[in-house]
Amino acid sequence: MKGIELRNKFLEFFKSKNHTIISGAPLIPENDPTVLFTTAGMQPLVPYLKGEKHPGGTRLADYQKCVRTNDIDEVGDNRHLTFFEMLGNWSLGDYFKQDSIRFSYEFLTKVLNIPSEKISVTCFGGDSDAPRDKEAAKVWEECGIPKERIYFFGKDDNWWGQEAGPCGPDTEIFYDTGAKPCCESCNPSCDCGKYIEIWNNVFMQYNKKDDGTYEPLAQKNVDTGMGLERMLFLLQSKNNVFETELFSPIIDKVRSLSLEPNDESLRIISDHMRSSSLLICDGVLPSNVGQGYILRRLIRRTIRHMRKIGFDVDRITEVCETLVDSLSDMYPELNANKDNIIEQVKKEKNRFMNTLIKGEKEFGKILNKLKIENSDMIDGHSLFRLYDTFGFPPEVTAELAKENGLKVDMEGYKKLFEEHQNKSRQETAGTFKGGLADHSEVTVAYHTVAHLLLESLQRILGNHVEQKGSNITSERVRFDFSHPEKVSREILDKVENMINEQIDRGLVVTCEEMPLDKAREYGAKGVFNSKYGEMVKVYTIGDFSKEICGGPHVDNTSKLKHVKIVKEESAASGIRRVKVVFVD
Ligand code: SER
């Protein structure tokens with residue numbers, strides 16, 4: 001079975017169980033300034049898990065592209081990835097443990113034909129926040145999983161939630177590879193590789209508040225996530241994800257062009273190129289802050305490993321081509337963005353190569369100095385200098401250092417970095433770990449500004465303008481749109497005036513739910529409409545704008561302050577980016 005078939009079977013199965021199939025969100029959260037990337041299928045659904053009505057109803061399923069960067073440095077072994085696909089199904093106050101477990105069991109044993117004996121499960125063992133999950137265990141027993149293969153663990157293993165927001169006990173489903181137990185007490189919680197976690201069913205019935213305490217959620221939800229890559233390699237009887245068709249064409253290509261290929265480098269290259277290409281599709285560009293910095297690190301680490309295995313980095317674009325060709329059936333956006341992917345990767349490669357030679361020389365000098373001093377620690381100043389002057393990400397230095405048996409003072413580096421980059425710190429700090437949408441008043445207000453902005457841009461520049469992305473923080477709205485050339489200050493002033501006029505007019509903002517077809521007839525704009533199910537919400541701002549959107553918004557434009565467009569720049573070829581802020 002190929003990856004695309006697994007995805008389709010999953011969606012078909014949940015459709016047959018009356019779930020609405022929704023589209024996943026982009027990798028860059030649209031209106032959530034607290035996270036850098038979409039890391040789980042539930043993330044774009046937080047407002048609905050908390051009780052807002054979803055236009056698709058109470059049973060949803062989708063596939064979600066995810067990027068997790070906390071263990072970027074672990075990639076290279078046989079299981080860590082920075083990009084993966086999560087297949088998920090949700091109950092928003094609809095079914096709970098009983099049906100959730102039964103659906104999972106049926107899908108695994110009847111659709112994927114996995115023998116029941118291969119399945120072990122874990123349930124929450126209970127603590128002062130929530131009781132032992134006997135209910136889940138009972139359903140598993142009824143399905144035919146014997147007691148010996150039902151394990152109970154604490155919060156570390158069987159609880160899912162982020163820093164704050166919806167959370168709860170989970171039951172995790174493991175596939176037994178048949179490998180020998182690593183020890184007498186070998187069980188699914190040990191990571192010897194005998195048991196592979198394939199699916200996580202979270203019973204979200206609590207909300208974790210910012211102060212760390214739990215309160216019951218208004219509705220009891222189910223949130224599940226299955227890792228497509230893992231499930232696939234098990235179904236294909238391969239040893240690991242890198243042997244599936246999702247990676248092997250890329251690995252084969254790089255191997256065939258390398259002098260001294262090794263598994264670790266080939267895995268890093270194939271994983272990082274996959275995540276980089278998909279990030280570029282969703283509008284990320286290499287830079288020194290936020291998402292752009294992660295992309296830069298991914299591409300630069302790829303190049304370092306290409307050099308390490310004797311791969312001519314000028315041929316990196318050929319790897320991009322192989323990647324796009326081999327993955328476009330699953331991610332058609334790769335094909336649509338092929339030229340842009342190649343251009344961005346090539347540009348970043350050139351930028352890095354220009355600095356790499358000098359940086360490596362500098363690194364050599366540091367090595368000599370350390371030898372003389374008889375030290376094995378690269379200090380924060382040297383790390384920062386390599387980064388600031390030579391464009392060497394500290395993680396790359398750390399890797400080089402490790403290869404030379406040295407350590408790095410990352411803490412010292414971080415301190416210096418923060419001192420020097422006070423401004424960019426605001427954009428990156430605190431956003432790595434994950435968290436939940438900040439729907440504070442000002443972000444809601446900026447969201448309404450985004451609607452006024454799109455309409456104004458279209459009225460002034462023309463109908464070719466389409467929204468290509470937006471990112472809202474409590475400081476500003478950043479908005480990307482298609483337009484072939486720079487927008488002059490004069491035009492920006494006109495756009496600004498048009499928005500401010502609508503604010504002065506005090507237009508009422510209303511919301512109506514309707515089927516997608518009707519919304520189109522009604523003339524609602526909606527670049528992101530495919531994300532939602534059959535029923536959609538349409539926000540109307542007086543006689544000025546109609547847009548499909550999940551909300552929320554202010555109820556009257558008079559609640560907004562006047563705005564100013566403070567920046568206009570290129571975001572990618574044919575895409576402009578503006579930043580709009582409230583002024584007093
Ligand atoms: N949110 C859970 C996870 O990420 C289930 O989807 O594992």
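Worth saying up front: this structure is predicted, and the values here are computed from it rather than measured.

Each value, and the rule that gives it
- Residues numbered from 1 in each chain as written.
- Predicted model: local features only at pLDDT ≥ 70, side-chain atom pairs only at ≥ 80, totals over all residues.
- Heavy atoms only, no water.
- Helix = DSSP H or I, 4+ residues; strand = E, 2+ residues; numbered from the N terminus.
- Rg over C-alpha atoms; globule rule 2.2 N^0.38 Å.
- Contact = heavy atoms within 4.5 Å.
- Areas by Shrake-Rupley, 256 points an atom, 1.4 Å probe, with all protein chains shown as cover.
- Lys, Arg positive; Asp, Glu negative; His and termini not counted.
- Charge placed at Lys NZ, Arg CZ, Asp CG, Glu CD.
- Expected span 1.5 Å × (residues − 1).
- Bend = angle between axes of the 7 residues up to and from the residue.
- pLDDT = per-residue confidence, 0-100.
- Near = heavy atom within 4 Å.
- Polar contact = N/O pair within 3.5 Å; in protein donor to acceptor, adjacent residues only side chain to side chain.
- Disulfide = S-S within 2.5 Å.
- Buried < 20%, exposed > 50% of the residue type's maximum accessible area, 1.4 Å probe, protein only.
- Pairing = 2+ DSSP bridges.
- Axes fitted to C-alpha atoms, helices over the stretch in contact; angles between N-to-C directions.
- Phe/Tyr/Trp six-rings, centres within 6.5 Å; stacked < 30°, edge-to-face > 60°.
- Core = buried A, V, L, I, M, F, W, Y, C linked by side-chain atoms within 4.5 Å.
- Left-handed = near helix turned anticlockwise from the far one by under 90°.
- Nonpolar A, V, L, I, M, F, W, Y, C, P; charged D, E, K, R; others polar.

Asker: Residue-level account of the overall build of the protein, with values.
Answerer: Check the secondary structure of the protein and you find 19 helices and 18 strands. Expected size for 584 residues packed as a compact globule is a radius of gyration near 25 Å; at 25 Å, the protein falls within 12% of this value. Expressed as lengths along the three principal axes of its C-alpha atoms, the size of the protein is roughly 75 × 65 × 45 Å. The long-range share in the protein, meaning contacts at least 24 apart out of those at least 6 apart in sequence, stands at 70%. On the protein, roughly 25,200 Å² of surface is accessible, and the fraction owed to carbon and sulfur atoms is 46%. Of note, the protein has its 79 positive side-chain charges centred 2 Å away from the centre of its 91 negative side-chain charges.

Asker: Hey, could you go over helix 12 (residues 338–373) for me, with residue numbers and the actual values?
Answerer: Helix length check: helix 12, at 36 residues, gives a terminal C-alpha distance of 50 Å against a target of 52 Å (1.5 Å per residue), a fit within 8%. Roughly 35° is the biggest bend found in helix 12, and it falls at Leu356. Among the residues trailing helix 12, Asn374 stands out with phi positive, at a value near 55°.

Asker: An account of the confidence of the model for the protein is requested, with residue identities and associated values reported.
Answerer: Parts of the model with low pLDDT should not have their predicted coordinates read in detail. With 94% of its residues at a pLDDT of at least 70, the protein reaches an overall mean of 90. Predicted confidence for residues 423–438 stays below pLDDT 50, and this span has 33 contacts to residues more than four positions away or in other chains. Here residues 527–532 scores under 50 on pLDDT; set against residues more than four positions off or in separate chains, the count is 20 contacts.

Asker: An account of the site of the ligand is needed here, citing residue identities and associated values.
Answerer: Close to the ligand lie Ala40, Met42, Arg68, Met86, Trp160, Asn200, Val202, Asp223, Thr224 and Gly225. Within the side chain of Arg68, an N or O atom sits 3.3 Å from an oxygen atom of the ligand. The separation between an oxygen atom of the ligand and a polar main-chain atom of Gly225 is 3.2 Å. Bound to the protein, the ligand loses 94% of the 230 Å² it would expose on its own. No other element matches strand 9 (residues 214–227), which puts three residues into the shell around the ligand.

Asker: So what about the state of the cysteines? Which residues, and what values?
Answerer: A complete count under the given rule lists zero disulfides for this structure. Cysteine Cys183 shares no disulfide, and the gap to the nearest cysteine sulfur, in Cys182, comes to 3.7 Å. Cys192 forms no disulfide, and the closest cysteine sulfur to it belongs to Cys190, at a distance of 3.7 Å. Cys192 sits in the partly exposed class, given a relative accessible area of 38%.

Asker: Help me get a handle on the sheet that holds strand 18 (residues 575–582), residues and values and all.
Answerer: Pairing within the open sheet is antiparallel, and its four strands lie in the order 12-13-18-17. If you trace the sheet from one side to the other, it starts and ends with strand 12 (467–472) and strand 17 (563–572), each paired once. Going from strand to strand, the sheet's axes swing by 20° on average, the running direction of each strand aside. In this sheet, strand 18 lies alongside strand 17 in antiparallel orientation, the contact comprising eight bridges. Counterpart to Glu569 in the pairing with strand 18 is Arg577. Helix 18 (residues 489–505) rests against strand 17 and strand 18 of the sheet, and its axis sits at about 130° to strand 17.

Asker: Tell me about the packing of aromatic side chains, and please be specific about residues and values.
Answerer: What the rule picks out here adds up to 27 aromatic pairs. Centroid distance Phe14 to Phe103: 6.0 Å. Interplanar angle 90°. Geometry classified as edge-to-face. Placement of Phe14 in helix 1 (residues 3–16) and of Phe103 in helix 3 (residues 97–111) is noted, with a sequence separation of 89 residues between them. Here Tyr206 and Tyr214 contribute two aromatic rings whose centre-to-centre distance is 6.4 Å and whose plane-to-plane angle is 80°, an arrangement assigned as edge-to-face. Tyr206 sits in the buried class, given a relative accessible area of 14%.

Asker: Account for the nonpolar core, with residues named and values stated.
Answerer: The biggest cluster of nonpolar side chains holds 121 residues, and the ones touching the most others in it are Leu108, Trp140, Trp199, Leu279 and Leu334. Ranked by residue count, the leading element in this core is helix 12, at nine residues. By size, the runner-up hydrophobic cluster in this structure holds 35 residues, among which are Ala450, Val465, Cys549 and Phe582.

Asker: Could you give me a rundown of the packing of helix 8 (residues 263–281) against helix 12, with the residues and numbers involved?
Answerer: Axis separation between helix 8 and helix 12 bottoms out at 9 Å; the angle between their running directions is 115°. Between helix 8 and helix 12 lies a crossing whose hand is right-handed. Residues Ser277, Ile280 and Cys281 of helix 8 form the contact with helix 12, whose participating residues are Asn340, Ile341, Gln344 and Val345. When grouped by side-chain class, the residues that make up the contact of helix 8 with helix 12 number four nonpolar, three polar and no charged.

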